[in-house]
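Residue-level structure breakdown
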Amino acid sequence: MYQNTPPRSTIRLTRRGRLALIATGAVVAGTAVAVPLLSLQSDEDAKPTSLVIPEGWRSSQVYDAVDKALARPAGTTRKALTKAGLKLPTDAEGNPEGWLFPATYPLDEKSTPESLLSFMVDTANKKFNGAPIAAGAQRNAMNVYQAVTIASIVQAEAATKADMGKVARVVFNRLERGMPLQMDSTINYALNRATLKTSDADTRIDSPYNSYQRMGLPPTPIDNPGEDAMRAAITPAPGDWLYFVTVKPGDTRFTADYEEHLRNVAEFNANQKKSAQPTK
C-alpha cells in the first residue's frame, strides 16, 4: 500500500502519543491501564459462565485467559492453535493476532480452547468482512487486514475514544508522507512487554515490528482492536496532524507543526518534572 523508501525521521512518537526526542536523549513515558486478566460472570465458588475479552488485549493474554477460564494447564490454548482450524485471512499466515475479537463469550461444559478461539475468529470475520468495515478499507485503498493492523495501533496509542480518529489520521498522514510510524506500542509488542518507557536502544532492535527503523505498517496487528478503533481506522478524522502528545490527562494535542509540537512536549516534560517532585 505504501512505498518504504524514505529515510528515518528524527521524531519518534511514543505509546499513547507521547514523544521522546532522540537528539536530546529525553525519554517520555506513557500511561498504562491495568485490566483484570479475567472477568467472570458467576458466583465466587461456581464455574465461570462467561469470558470477557477486553479491547486491546494481545493474543497471548487471550490464550492465558482461556486457560484459566477452562482450568487448563498454562499453554494449552496456544498449543490448540494448530488444530483449531481457524478461518483466518491469507495475510495472517496462521497468526490470529487481531482476529480474537473482544467480546463476552459464553462458557459451558462443552467449551474447549478450540471452540472459544473459533468463536472469536468467526465473530471477527462477521464484523470485519461485512459493511461498513470492508467497504471502508477499500475506500482508503487498504485491504481488511491492513485496516485491522491500523486499528490495533490506534487501540494501543489513543488515550481516549475521542482521540482515536485523530490518532488514525496521524498514522495515515505519516504513511502517506513516507515517514516512519515511530510508535512505542509496536516496540512493546516486539519485546512482549507493556512498559511505560522506551529507550533509544529499544528503538534500534532488529524486529519487523520496530516502527522506528522500518517503514510502513508492522507485519501483523499488535493487539485485538475493538469496534471503536476499527471505525477510526476506516474513517479517520480530517486533519493534517503528524505529531501528538498528551500534555496531561485529558489534554492530548495534535499538530502538523514541529515547533508547536516541541512546545507541547516541553510543557509535558515540565508537568512530569513537577509531578515527580516529593510533596512536603
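1. Let's talk about helix α5 (residues 144-157)
- Helix length check: α5, at 14 residues, gives a terminal C-alpha distance of 20 Å against a target of 20 Å (1.5 Å per residue), a fit within 8%.
- When you tally the buried positions in α5, you get 14 out of 14 residues, the bulk of the element.
- Between the side-chain oxygen at the start of α5 and the backbone nitrogen of Tyr145 there is a gap of 3.1 Å, and the oxygen is on Asn143.

2. Here's the deal with the confidence of the model for the protein
- Mean pLDDT over the protein: 86, with 83% of residues reaching 70 or higher.
- Throughout residues 1-12 the model reports pLDDT below 50, and contacts reaching past four residues in sequence, or to other chains, amount to 39 contacts.
- Scored below 50 in pLDDT, residues 14-40 shows 84 contacts in the model against residues more than four places distant or in partner chains.

3. Thoughts on the pattern of salt bridges
- For the structure shown, the criterion picks out nine salt bridges.
- In this structure, the salt-bridge partner of Glu267 is Arg253, at a minimum N-O distance of 2.8 Å. Of this pair, Glu267 sits in helix α9 (residues 258-276) while Arg253 is found in strand β6 (residues 251-255), placing the two residues 14 residues apart along the sequence.
- You can call Glu267 partly exposed: its relative accessible area is 33%.
- For Arg253, a relative accessible area of 23% translates into the label partly exposed.
- Connected through salt bridges with shared partners, the residues Lys161, Asp228 and Arg231 form a single ionic network.

About the criteria used
Residues numbered from 1 in each chain as written. Predicted model: local features only at pLDDT ≥ 70, side-chain atom pairs only at ≥ 80, totals over all residues. Heavy atoms only, no water. Helix = DSSP H or I, 4+ residues; strand = E, 2+ residues; numbered from the N terminus. Expected span 1.5 Å × (residues − 1). Buried < 20%, exposed > 50% of the residue type's maximum accessible area, 1.4 Å probe, protein only. Polar contact = N/O pair within 3.5 Å; in protein donor to acceptor, adjacent residues only side chain to side chain. pLDDT = per-residue confidence, 0-100. Contact = heavy atoms within 4.5 Å. Salt bridge = Lys/Arg side-chain N within 4 Å of Asp/Glu carboxyl O.

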